[in-house]
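Listed here are the chains, written in short residue letters.
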There are 2 protein chains.
Amino acid sequence: MARSTNYNTRQRDAILEYITSIKDAHVTAAQIVEYFASENKPIGRTTIYRHLDKLVDDGKLRRYVTDGISGACYQHAADLETCHVHMHLKCEDCGELQHLDCEALDDIRDHFLAKHSFTVNAMKTVLYGKCANCSKDSHDAP
Amino acid sequence: MARSTNYNTRQRDAILEYITSIKDAHVTAAQIVEYFASENKPIGRTTIYRHLDKLVDDGKLRRYVTDGISGACYQHAADLETCHVHMHLKCEDCGELQHLDCEALDDIRDHFLAKHSFTVNAMKTVLYGKCANCSKDSHDAP
DNA sequence: TGTAAAATGGAACACAGTTCCAAATTGAAT
DNA sequence: ATTCAATTTGGAACTGTGTTCCATTTTACA
């Protein structure tokens, strides 16, 4: 039968706490595994992934994929509420991932919904291209 | 010493030919492996990846990553010149990848360049979200 | 304290992609 | 035609991310 209270999932809390402590940054599952191992409180990979899935389902974390090479990144949802819903810009040259917090985002989302019936998930979307620095560099190239 | 002519890399030509025959579509490395196996001209995985890398380097193919789950997709570069520059929309639910050919794209690119000094590579960028069908479905869910 | 539900994590797997290396193919010089 | 080194090929094994399966441990509560 269903329990009235939740089980004491201290590991899940610990994971959430760790991610919360990483202000304004992205963490991968592998980094979490490594962190708890280095703290002598190792948590199995399976458990990490399970908790991350649940935390994302519960809306406490956000998951997004930056590319197909490194794995998914996680960020504490509260961090995302204090800042806006935002997209990410990834520079193809230097690899830097920058947050994009811009009111034009709403226009973009409105456009895709109205004209293409497509509901954009901004948090999961990464725009690829060249950052200011790297597009400057390419002008200097021989 | 350096050869004056290239070796006859018939497999590379065959791969390029195959991808060229797939009009306006995306092909993964795995699909290429499968295709040549089914044609009774199997090509090893290693060789496929090697040639794909070279073809991309030579500008004959374009590679882009649609998500972290399925692998990279390849498309013949000429196809991309005949059709418009476009983005892709990927539905998180059904996984469908649709081409987006829309003049608003220019506005979006202009915005990012003007306001964020970021040169968007539309071809490599995939917008995630829900397609018309799947966002309809989620309303029906219990 | 007993018990069922829930949590945990190791082993094995799936998949994309890479590295290593030995064998086969090639172009051209002899 | 024969030889030979550069090049091409592909199998085996590996990396890294993530998942599935399942036996063990922990938990809440009666």
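Note that the coordinates shown come from a computational prediction; the quantities given were computed from them, not determined experimentally. (Residues numbered from 1 in each chain as written. Chains lettered and ligands numbered in written order. Predicted model: local features only at pLDDT ≥ 70, side-chain atom pairs only at ≥ 80, totals over all residues. Heavy atoms only, no water.)

1. As for empty space enclosed by the protein
To find leftover empty space, a probe the size of one water molecule is rolled over the atoms. Short version of the rule: Space inside and on the surface of the protein is sampled on a 1 Å grid over the protein atoms alone, with a cavity defined as a set of points where a 1.4 Å probe fits but cannot get out and a pocket as an open set with protein on both sides within 12 Å along at least 5 of 7 lines; lining residues have an atom within 4 Å of a point. Grid points are joined across faces, edges and corners, and a volume is the space filled by probe spheres set on the points. Put simply, DSSP marks the helices as runs of H or I at least four residues long and the strands as runs of E at least two long, and each gets a number from the N terminus on. Following the grouping adopted for this structure description, the nonpolar residues are Ala, Val, Leu, Ile, Met, Phe, Trp, Tyr, Cys and Pro, the charged ones are Asp, Glu, Lys and Arg, and the polar ones are all others, Gly among them.
Under the counting rule described, the total for this entry stands at 2 cavities of 30 Å³ or more. One number sums up the size of the second largest cavity: a volume of about 40 Å³. Taken together, Met 87, Ile 108, Phe 112 and Leu 127 of chain A together with Met 87, Ile 108, Phe 112 and Leu 127 of chain B form the lining of the second largest cavity. Taken together, the elements giving at least two residues each to the lining of the second largest cavity come down to α5 (104-116) of chain A together with α5 (104-116) of chain B. The residue inventory of the lining of the second largest cavity, partitioned by class, reads 8 nonpolar, no polar and no charged.

2. Observations concerning helix α3 (residues 45-57) of chain B
Applied cut-off: The span expected for a helix works out to 1.5 Å for each residue beyond the first.
Taking 1.5 Å of rise per residue, 13 residues should cover 18 Å, and α3 of chain B covers 18 Å from first to last C-alpha, within 8% of that figure. Count one or two residues on from α3 of chain B and you reach Gly 59 of chain B, which has phi positive near 80°.

3. Some details on α5 of chain A
Residues and elements named next belong to chain A. Our working definition: Throughout, exposure labels follow a simple rule: accessible area from a 1.4 Å probe, protein chains only, divided by the maximum for the residue type, with under 20% read as buried, over 50% as exposed, and the rest as partly exposed. Note that the arc is computed from the directions linking the helix axis to the C-beta atoms.
In this model α5 runs 18 Å from its N-terminal to its C-terminal C-alpha over 13 residues, within 8% of the 18 Å that 1.5 Å per residue would give. Those residues of α5 that sit buried are Ala 104, Leu 105, Ile 108, His 111 and Phe 112. Projected down its long axis, α5 shows its buried positions confined to an angular sector of 125°, all on one face. Exposed positions of α5 whose direction lies more than 90 degrees from the buried face are Asp 107 and Ala 114. Ser 117, located one to two residues past α5, shows a positive phi value of around 50°.

4. Regarding the relation of the copies chain A and chain B
Applied cut-off: A residue counts toward the fit only if its pLDDT is at least 70 in both copies, and the copies are then superposed by least squares on the C-alpha atoms of those residues. By definition, residues are in contact when any of their heavy atoms lie within 4.5 Å.
With an RMSD of 1.0 Å, the fit of chain A onto chain B corresponds to turning through 179° and sliding 0.1 Å along the axis. What we have between these two chains is a two-fold relation. Here 100% of the interface residues in chain A have copies in chain B that are interface residues too; the copies meet face to matching face.

5. Notes on the packing of helix α1 (residues 10-21) of chain B against helix α2 (residues 29-38) of chain B
Residues and elements named next belong to chain B. Stated formally: Between the N-to-C directions of two axes lies an angle of 0 to 180 degrees, each axis being a line fitted to C-alpha atoms and, for a helix, fitted only over the stretch in contact. Should an angle fall under 35 degrees it is called roughly parallel, over 145 degrees roughly antiparallel, and 65 to 115 degrees roughly perpendicular, with every other angle called oblique.
In contact at an axis separation of 11 Å, α1 and α2 are set at 105° when each is read in the N-to-C sense. Accordingly, the angle class assigned to the pair α1 and α2 is roughly perpendicular. Two secondary-structure elements touch here, α1 through Ala 14, Ile 15, Tyr 18 and Ile 19 and α2 through Gln 31, Ile 32, Tyr 35 and Phe 36. Of the residues belonging to the contact of α1 with α2, the class tally is 7 nonpolar, 1 polar and no charged.

6. Brief notes about the interface of chain A and chain B
The test is simple: Note on terms: buried area is the combined drop in 1.4 Å-probe accessible area of two parts once they are placed together, counting the loss on both. Here, a salt bridge means any Lys or Arg side-chain nitrogen found within 4 Å of an Asp or Glu carboxyl oxygen. Distance and chemistry together define a polar contact, namely a pair of N or O atoms within 3.5 Å, with one atom able to donate a hydrogen and the other to accept it when in protein, and with adjacent residues in sequence counting only for side-chain atoms on both sides.
Tallying the contact residues gives 31 residues for chain A and 31 residues for chain B. For the pairing of chain A and chain B, the buried interface totals around 2,500 Å² over both sides, and the portion due to carbon and sulfur atoms is 70%. Our enumeration of links across chain A and chain B arrives at 0 salt bridges. Our count for the chain A to chain B interface comes out at 4 residue pairs in polar contact (both at pLDDT 80 or more).

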